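Fold and contact review
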Amino acid sequence: MADISHPPMEQLQDLEYCIDSNPPWPETILLAFQNYILVLGTSVMIPTLLVPMMGGSDGDKARVIQTLLFVGGINTLLQALFGTRLPAVIGGSFAYVIPIVYIISDSSLQRIDEPHIRFIQTMRAIQGALIVAASIQIILGYSQVWGLFSRFFSPLGMVPVVGLVGLGLFQRGFPCDKYSPSPVILTCQMLLNFSLQVGNCVEIGLPMLLLVIGLSQYLKHVKPLRDFPIFERFPVLICVTIIWIYSLILTASGAYRDKPNLTQISCRTDRANLISTAPWFKFPYPLQWGPPTFSAGHSIAMMSSVLVSMVESTGAYKAASRLAIATPPPAYVLSRGIGWQGIGILLDGLFGTGTGSTVSVENVGLLGLTRVGSRRVVQISAGFMIFFSILGKFGAVFASIPFPIYAALYCVLFGLVGSVGLSFLQFTNMNSMRNLFITGLSLFLGISIPQFFGEYWSLRHNGLVRTNAGWFNAFLNTIFSSPPTVGLIIAVFLDNTLEVEKSKKDRGMPWSPPLSPLCSEEEKIIYHQLAPVYGKAQEVMARTRRARNVTAPPASVGDIGTESNAATNHPQQEFASAAHLAALQAQVVALTTLL
C-alpha cells in the first residue's frame, strides 16, 4: 500500500512557475497575449447576444465589446494589485444575462420604436442597475461579512462549488437539443443563434479540440526550440492560429455558400461584422451612453447576479490559488477580493459594458494547461486588453475568431477547473457515508436544479418563477439557474448541520485557511511575507524532484498557517500568535536555503 499512497498536498507539484515567479520576458509577453486571446471569447459572445436584443447596430456592438475589454483590463489590474492578488483575469459574465433580459423586456423600453434610441435607453437602465447592485458586493466585501461567512466553507463544501464552476458550464461545449432550453440562462434557440457550441461547426470545433489535446498533452515534452516546451506553453496560440487559418480557407473557398444560415453564422469568419464597424481609435469613458437611469425593480433583479458572481468568483479564486501554487486565500483576503470586484462592477455600470464582471473561468483553467501561475502574466494580459480595446480595428481582427474555436477550448479548460474542485476531496475522509452523501447530493442537484429552471426559461415566460413581479422572477431564476450557487447552498447547509463536531477532521477543516478576517495586522503582514517564500520553496522542491526523477514527495513544511506533520503530511494546528508565524517563517527560509 505504501507504493500507491498519495498523501494530500495543498500545492500542486508539477507546475513550472508559481504566483511570485516569472518566466523570461519574451515568454511572459506571449503568455499574456494568450490570456488576452482567450478572454476575447466571452467578451465578444455576450455583446453579440445582448446588443441586437437591445436594438443596437453592429457599430454599437463593436463599441460595447471595446468597453467591456477596456473595463475588464482595469478590473484585472485592480484585482491583481490590490484584491486577492491571484493570477485571475476579470471579464464579462453570463450570470447577469437573466436580469439584463428582464430589463430589455421592460414594457417602457419596448414601446420605443426607434432602435438606436431604445438601445441607448436600455443601456442606461442596465448601467443604473449595475451601479446600485455593486453596492451589495462592496459592502459584503469590505465589511468582512463574506470572509466571516467563508469560515463555514470546509474543503468538503468547496468541492461542489469549485467543481460546478467548471462542470456547470458544460452547455458551452457541445450543443444541446434544439428544442430544449439551456440550463444556465438562455433558451437553446438563443444559444444556437449565438453559434456557441462545438457541434454547430464540427469541421472547425472538433479539429480544434483534438489539436489542443494533442499539443498540450501528447507533445508537451517535444522541444523544437532550444529545449523550450513551446507546445506546453502556447497551445492556445498555436491551435487558434492553425484552425483560424483553416476556417479562413474554408470561408474563402465557398464551402459554406449554400449551407443553412446557422452553419454560416457558426463557421464563417466574415459574419461578425466587427472589423468593418469598429473605429480605428476609441477611448471608452464613463457615462459615454449618457446618465444612468435607476429603477428599484431593475436594481433588485441585478442584485441576484451580483450574489451569483460572488459565489462563482469564490470558487474561481480557490481554483486559481491551487493552480498558481499559492496558499489558499484566507478569509480577509477573500473579502478584500470580493470588495474590489464590487468596485469593478461599479466601473462596469459607469462605463456601460452592458453586463457585469466576474473571474474568467477559462483563464483560470489556462493556468493549469500551461503550468504557469505567474501573476505578472495576468497583469500584462490586462495591458493587452486595454491596448486593443482602444485600437478598435486591431482588436476586431482577433475578435472575429469563430465561436466554435472557443467552445473547443472551453471543453478542455472548464473540465480542468472542475477537476481542481474534485481534487479538494483529498483533504476529506471519503470513507465516511456522511461525506459521500453531501458530495453526491450537492453535485447532482447543482446540475439538476439549474437544468429544471432552464427548461422553463424563455423570453415570453421568463423562467419557472412567474409572478406579477418581474424583478422577483428574475431574482429567483438567476439564483437557481447557477450550478455553483445551488451547489454552495446545499453543500454548506448540509456540511454545517449534519454531525458537525464529530466530523471536523472528516470535513477537512484542519486544511482550511488559518487567518480570520479579524486577525491582527501583525499576523497579516507576516503571513504575506511568508507566503512568497513558501511558494518559492514549493516550486524549487517540485523542480528538484523532477530533475532527480523522484515520484514520492518528501515531507513538506505544510501549508501557510499550519504546522506540518511529517508522518502524515497533514497540518493539525492553526496559528496562535505572531511569534508562531515568525517561527514557521524561519523554518521555511531554512528549507529554501537548503534547497
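Nothing here was measured: the structure is a model prediction, and the numbers come from that model. Every chain begins its residue count from 1, and numbering advances along the sequence as written. The model is predicted, so local features are restricted to residues of pLDDT at least 70 and side-chain atom pairs to those at 80 or more, both for listing and for counting; the totals for chains, interfaces and linings are taken over all residues. To get the side-chain values, all heavy atoms of the structure are used, and hydrogens and water are removed first.

With that out of the way, let us pick up empty space enclosed by the protein. Grid points spaced at 1 Å over the protein atoms alone were grouped into cavities, where a 1.4 Å probe fits but cannot get out, and pockets, open sets with protein on both sides within 12 Å along at least five of seven lines, with lining residues defined by an atom within 4 Å of a point. Grid points are joined across faces, edges and corners, and a volume is the space filled by probe spheres set on the points. Scanning the entire structure with this criterion turns up 10 cavities of 30 Å³ or more. Each pocket or cavity is described by its volume, and for the largest cavity that value is around 320 Å³. Ser 93, Phe 94, Leu 169, Arg 172 and Glu 312 are the residues nearest the centre of the largest cavity, which is lined by 27 residues in total. Put simply, DSSP H or I for four residues or longer makes a helix, DSSP E for two residues or longer makes a strand, and each gets a number counted from the N terminus. When contributions to the lining of the largest cavity are tallied by element, the ones reaching two or more residues are helix 1 (25-54), strand 1 (90-92), helix 7 (155-167), helix 13 (296-323), strand 2 (357-359), helix 15 (361-370) and helix 21 (483-495). Broken down by class, the residue content of the lining of the largest cavity amounts to 14 nonpolar, 10 polar and three charged. Put simply, Ala, Val, Leu, Ile, Met, Phe, Trp, Tyr, Cys and Pro go in the nonpolar bin, Asp, Glu, Lys and Arg in the charged bin, and everything else, Gly too, in the polar bin.

With that settled, consider the packing of helix 13 against helix 20 (residues 470-479). Axes here refer to lines fitted to C-alpha atoms; in helices the fit is confined to the stretch in contact. Angles between the N-to-C directions go from 0 to 180 degrees. Where helix 13 contacts helix 20, the axes come no closer than 8 Å and their chain directions differ by 5 degrees. One finds that helix 13 runs roughly parallel with respect to helix 20. Where helix 13 abuts helix 20, its residues Gly 297, Ile 300, Ala 301, Met 303, Ser 304, Ser 305, Leu 307 and Val 308 lie against Trp 471, Ala 474, Phe 475, Thr 478 and Ile 479. The residue inventory of the contact of helix 13 with helix 20, partitioned by class, reads nine nonpolar, four polar and no charged. Every angle not falling under 35 degrees, over 145, or within 65 to 115 is termed oblique; those three ranges are roughly parallel, roughly antiparallel and roughly perpendicular. Pairs of residues are marked as contacts when any of their non-hydrogen atoms sit within 4.5 Å.

Below, the discussion takes up the pattern of salt bridges. Salt bridges are defined by distance alone: a side-chain nitrogen of Lys or Arg within 4 Å of a carboxyl oxygen of Asp or Glu. Scanning all chains against the criterion turns up seven salt bridges. Where Glu 27 meets Arg 233, a salt bridge forms, and the shortest distance between an N and an O atom there is 2.7 Å. In this pair, Glu 27 is assigned in helix 1 and Arg 233 in helix 10 (residues 230-233), connecting sequence segments 206 residues apart. Residues Glu 27 and Arg 233 agree in their burial class; the two are buried. Overlapping salt bridges bring together Glu 27, Glu 232, Arg 233 and Arg 371 as one network. Whether a residue is buried, partly exposed or exposed follows from its accessible area with a 1.4 Å probe, protein chains only, as a fraction of its type maximum: under 20%, in between, or over 50%, in that order.

The terminal C-alpha atoms of helix 5 (residues 115-142), which comprises 28 residues, lie 40 Å apart, in line with the 40 Å expected from a rise of 1.5 Å per residue. Counted as a polar contact is a pair of N or O atoms within 3.5 Å, where, for protein atoms, one must be capable of donating a hydrogen and the other of accepting one, and residues adjacent in sequence contribute only when both atoms are in side chains. Among the residues of helix 5, the N-terminal cap falls to Glu 114, whose side-chain oxygen and the backbone nitrogen of His 116 are separated by 3.0 Å. Among the residues trailing helix 5, Gln 144 stands out with phi positive, at a value near 70 degrees. What a helix is expected to span follows from its residue count: subtract one and scale by 1.5 Å.

Relative to the assigned elements, Gly 508 resides in the loop between helix 21 and helix 22 (521-548). The residues touching Gly 508, leaving out its near neighbours within four places in the chain, are Pro 155, Phe 427 and Thr 428.

Quick look at the packing of aromatic side chains now. To pair, rings of Phe, Tyr and Trp, with the six-membered ring standing in for Trp, must have centres within 6.5 Å; the planes then decide the type, stacked if under 30 degrees apart, edge-to-face if over 60, and tilted in the middle. Per the counting criterion, the structure on display carries 21 aromatic pairs. When the centroid spacing of 5.8 Å and the interplanar angle of 45 degrees are considered together, the rings of Phe 70 and Phe 351 count as tilted. Of this pair, Phe 70 sits in helix 2 (residues 58-81) while Phe 351 sits in helix 14 (residues 331-351); the two residues are 281 residues apart in sequence, bridging distant segments of the chain. You'll find Phe 70 and Phe 351 in the same group, each marked buried. With a centroid separation of 5.3 Å and 90 degrees between ring planes, the pair formed by Phe 119 and Trp 289 is classed as edge-to-face. Residue Phe 119 is found in helix 5, and its partner Trp 289 is found in the loop between helix 12 (261-267) and helix 13; the two are separated by 170 residues along the sequence. Both residues of the pair, Phe 119 and Trp 289, count as buried. Ring-pair connections join several aromatic residues into one group, and the members of that group are Phe 33, Tyr 36, Phe 384, Phe 387 and Phe 388. Across the ring face of Trp 289, the terminal group of Arg 63 is positioned such that the distance to the ring centre comes to 4.4 Å. Throughout this description, the term charge over a ring refers to an Arg CZ or Lys NZ atom that lies within 6 Å of the ring centre and within 35 degrees of the ring normal.

Before going further, it helps to examine the side chain of Thr 439. Summarising the element assignment, Thr 439 is placed in helix 19 (residues 433-454). Its relative accessible area of 7% is what places Thr 439 among the buried residues. When near neighbours in sequence (up to four residues on either side) are disregarded, Thr 439 contacts Leu 156, Val 159, Leu 425 and Met 430.

Looking now at the nonpolar core. Definition of nonpolar core: a set of buried residues of the types Ala, Val, Leu, Ile, Met, Phe, Trp, Tyr and Cys, connected through side-chain atoms within 4.5 Å. Among the nonpolar cores identified, the biggest contains 124 residues, and Ile 37, Leu 50, Met 208, Met 302, Tyr 406 and Leu 409 are the most heavily contacted of them. Setting aside its immediate chain neighbours within four residues, Leu 409 contacts Leu 38, Met 208, Val 212, Val 236 and Val 240. Counting residues in each nonpolar core, the second largest holds seven residues, with Phe 70, Leu 347, Phe 351 and Ile 386 among its members.

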